[in-house]
Amino acid sequence: MSNKARVIARLRALDIPHEYFEHEPAQTMADCLALPFAAPDVTFCKNILLCNRQQTAFYLYLTPPDKPFRTADTSKALGSSRLSFAPSECLPEMLGLESGSLSPLGLWFDAEKRIQLVFDRDIRRKGRIAFHPCDNTATVFFDQDIFFNQVAPTLEHPPVWL
């Protein structure tokens, strides 16, 4: 079963309300924001996998697409020195995902619970929030309250808010 099918099956099994759209691969934030169903009430997030130099601490950081990202600021806020982008092999090794398909829904595949979930406070807005279902050829939309109150707890990675 594909990661996308596993995510959608889990959402259905949990009876979590969502909207689902298939589309051409969306590799970048610009691709996501250009999707025909992207709307002003939808928050798309940059999903960034970070790690410390020793690769002993990993963070999935979600931040708005228009917000500048600085590793030094994020490192300081998390109390972890020298964070950088995790090596490309970490995504398939830790979550079984391909580049461009990272989303918080991928934390369902983090059996060892090695990744700390980190939300930028600016992603919490009115309206909906959208993520790839661990495959960049589809997008899943949730009402913000449903995502943060029903989906996020099932990820079993208590978030840190910055």
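Here, every reference points to the structure presented above.
Residues numbered from 1 in each chain as written. Predicted model: local features only at pLDDT ≥ 70, side-chain atom pairs only at ≥ 80, totals over all residues. Heavy atoms only, no water.

S.K.: What should I look at first to understand the sheet that holds strand S6 (residues 115-119) in this one?
M.R.: Backbone hydrogen bonds are what pair the strands of a sheet, in a parallel or an antiparallel way. Taken in spatial order, the five strands make up an open sheet running S5-S3-S4-S6-S9, and their pairing is mixed. Every other strand in the sheet has two partners, leaving strand S5 (84-85) and strand S9 (160-161) as the edge strands with one partner each. Bridge count for strand S3 (residues 46-51) against strand S4 (residues 58-63) is six bridges, and the pairing is antiparallel. Residue pairing in the sheet places Lys-46 in a bridge with Thr-63 of S4. (Pairing = 2+ DSSP bridges. Helix = DSSP H or I, 4+ residues; strand = E, 2+ residues; numbered from the N terminus.)

S.K.: Would you mind going over the sheet that holds strand S8 (residues 138-143) with me for this structure?
M.R.: Strand order across the open sheet formed by four strands is S1-S8-S7-S2, with mixed pairing between neighbours. A single partner strand is all that each edge strand has here, and the edge strands are strand S1 (19-22) and strand S2 (42-44). Sheet twist, expressed as the average angle between the axes of neighbouring strands with direction ignored, equals 25°. Pairing analysis gives three bridges linking S2 to strand S7 (residues 128-131), with the strands arranged parallel. Across the sheet, the residue bridging to Thr-43 is Ile-129, located in S7. The sheet strands contacting helix H1 (residues 3-13) are S1 and S8, and the helix crosses S8 at an angle near 20°. Here helix H5 (residues 144-154) sits on the sheet and contacts S2, S7 and S8; the angle it forms with S8, its principal contact strand, is near 90°. (Axes fitted to C-alpha atoms, helices over the stretch in contact; angles between N-to-C directions. Contact = heavy atoms within 4.5 Å.)

S.K.: What exactly am I supposed to notice about the side chain of Ser-101 here?
M.R.: Summarising the element assignment, Ser-101 is placed in the loop between helix H4 (90-95) and S6. Of the residues examined, Ser-101 reaches a relative accessible area of 4% and is grouped as buried. In terms of polar contacts, Ser-101 uses its side chain to reach the backbone carbonyl oxygen of Glu-98, at 2.5 Å. Ignoring anything within four residues of it in the chain, the contact list for Ser-101 reads His-132, Cys-134, Asp-135 and Asn-136. (Buried < 20%, exposed > 50% of the residue type's maximum accessible area, 1.4 Å probe, protein only. Polar contact = N/O pair within 3.5 Å; in protein donor to acceptor, adjacent residues only side chain to side chain.)

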